[in-house]
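Architecture at a glance
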Amino acid sequence: MSFNDVSTAFVAFEDAPEGSLSDADPADADNVVADDGTLRAPDDGADPTVEPPAADDVATGPTPDILRVEAGDTLMTLLTGAGLDRAEAFDAVETLRPLFNPRDLRVGQEISVLLRPESDSPDGAERPRLAELAFDTDVDRRVRLVRGDDDKLSAQEERTELTLALARVTGSIDDSLFASAARAGLPDSVTTELIRMFSYDVDFQRDIHPGDQFDVLVERHQDPEGRTLKWGDILFARLTIQDGSLPIYRYAPSDDGIPDFFNPKGESVRKALLRTPIDGARISSGFGMRRHPVLGYSKMHKGIDFAAPTGTPILAAGDGTIDKLGRAGSYGNYVRIRHDGKYSTAYAHMSRFARGLKPGSRVRQGQTIGYVGTTGRSTGPHLHYEILTAGAQINPQGVKFQTGRRLTGKELAAFNARKRKIDGELAEAPILSVMVAEQKTEGPKRD
C-alpha cells in the first residue's frame, strides 16, 4: 500500500458519518480497517472460537510439595528424600533449630517444601535448591525457612494471637461419659483428664448409670474469628451420680505451685493409688474364685482384669520405685512397683514396656509404664492388675485409700477465695452444649 493510499484511508476515517466507526467502543481501538472497508481484529494467531483461560487457571508460580511425616522419619531424611543433597538439608535443619527442635517432629505432621532447580554443577545438571519450607508446630504457631536475595536461609516464626475464653459444658450420661461429653462438645483430651481426676473416687465400670450428670468449666483458646484452636485447663468439674454430687476445683498451692484438684473442703482428690490404671477399659474379670479360661478348673484370681486393645497405655497407679520388670512365667511381661512401706502394685501380660524403665527407676502416678498385650498365660489382650500388701494380693475394690493433702490456714483461705471466683465464672460462662445445639438448628450461615 502506498503513502497516498494510507492518507486516503485516514481521511475517510475522520469523515465517517455518525453511527459508523467513529462511534465504536474504545475497546476496538486496536482493530484495523480491511481493504473492503470493514472492521476486523488484527491477526494475532489466536483462535476466536477458544475462550481465554479463567484467572484462577493461570499458573502463578511453582507449587510447593507437601511432605507427610511417617514413623521413623527425621527432618533430614525427609529433605534428602525430596531431592536435596545432604549439605543443603543439614544447613536447613541447623538454621531451623533455634526455633524448632527437629526431634519434636510428630507422625502425621505436614511440611510444605518449595524447591527450585539450579545449574551450578560443572556438567550443567539441574540440582534442586530449597527456596522455602514451612510447617505448623502448634495450632497457633508456624515456622518457616526462606532463602533470601543473598542466597542464605533464614528462619521465621508466625504466631496467631489467641484469646482465652471460658465455656461450661453440661450434660446427662446416656451411655458412657466419653460419648455423652463428646455430644455436648467436649473433646476427648479434656474428658480423659476429667475421668482421671474422678477415678480416685469413682469406679467408672460400676458407679456410672444412665441419667447421671456432668458439669465442667474449661478454658478455650480462640483465634480472632472466635474459633477454638485448642483447649486449656479444667477449672471446675462436678459428677452427680447415685451416691451424690462430687464437685472439684483446680487450685495451685503457693508453696509448691503444682496445680491439683480439691473438693470444697480443701482436700486433694488424689489418693495413694489409682483404682483403674488404664483409660477406656472394661473389667473382664474380678477378684476371687473363677474357672480359669486356660487351665479349665477353678482357681483363685488374685487381681482384676481390664480388657483393652493391644497397645493401650498402662499407667503407674501411684508414685513409687520399680522393683521388678521383665518376663515372669504365666504373667508374661510384668512390672511390679513398690509405692511405700505398705503397698505394691503389679501389671501383667504387657505387649511391651515403656522406654527407659528398669528395676530401680522412679515413676510418678499416671506415668505410662507399658502397653496392653497378651503375653504369658492369656487368651486375649488385657491388663491383669494386682495390689499387694506384705507380699500378698488383696482385692483392689476393697481398699480404702486415705485422702491426699488437706489445705489449712492461709492456704485454705486462698483456696476458698479461688473457689468463690470459679463459682462466679461458672454462673456467667456460656453453656457450650446449648451453643452446639443452636448451631445445628440454625445450620450453616450463608453470606
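All of these numbers come straight from a predicted model, not from anything done at the bench.

Overview of the nonpolar core
Core analysis: the biggest nonpolar cluster contains 50 residues, and F214, I234, I337, Y347 and I369 have the highest contact counts within it. Tallying contributions element by element places helix α5 (residues 188-198) first for this core, with 5 residues. Beyond its immediate stretch of four places on either side in the chain, F214 contacts V169, T170, G171, S172, I173, L177, S180, A181, A184, R238 and L239. One finds V69, V93, L96 and L130 within the second-largest nonpolar core, a separate group that totals 21 residues.

Overview of the pairing of strand β6 (residues 141-147)
In terms of burial, β6 is largely enclosed, as 5 of its 7 residues are buried. Both β6 and strand β7 (residues 153-159) contribute to a ladder of 7 bridges, which runs antiparallel. Of the residues in β7, the one forming a bridge with R141 is R159. The hairpin formed by β6 and β7 contains 5 residues between the paired strands, and D151 there has a positive phi angle of roughly 70°.

What to know about the pairing of strand β11 (residues 244-251)
Here strand β10 (residues 228-241) runs beside β11; their pairing, made up of 6 bridges, is antiparallel. Bridging from a neighbouring strand, F236 pairs with Y249 of β11. Linking β10 to β11, which pair antiparallel, is a turn of 2 residues. Bridge analysis of β11 against strand β12 (residues 260-262) gives 3 bridges, and the strand direction is antiparallel. Bridge pairing in β12 links Y249 to F262.

Examining helix α3 (residues 86-96)
All buried positions along α3 are accounted for by E88, A89, A92, V93, T95 and L96. Burial along α3 is one-sided: seen end-on, the buried residues are contained in an arc of 165°. Residues of α3 that are exposed and angled more than 90 degrees away from the buried face: R86 and A87.

About the criteria used
Residues numbered from 1 in each chain as written. Predicted model: local features only at pLDDT ≥ 70, side-chain atom pairs only at ≥ 80, totals over all residues. Heavy atoms only, no water. Core = buried A, V, L, I, M, F, W, Y, C linked by side-chain atoms within 4.5 Å. Buried < 20%, exposed > 50% of the residue type's maximum accessible area, 1.4 Å probe, protein only. Helix = DSSP H or I, 4+ residues; strand = E, 2+ residues; numbered from the N terminus. Contact = heavy atoms within 4.5 Å. Pairing = 2+ DSSP bridges. Arc of directions from axis to C-beta.

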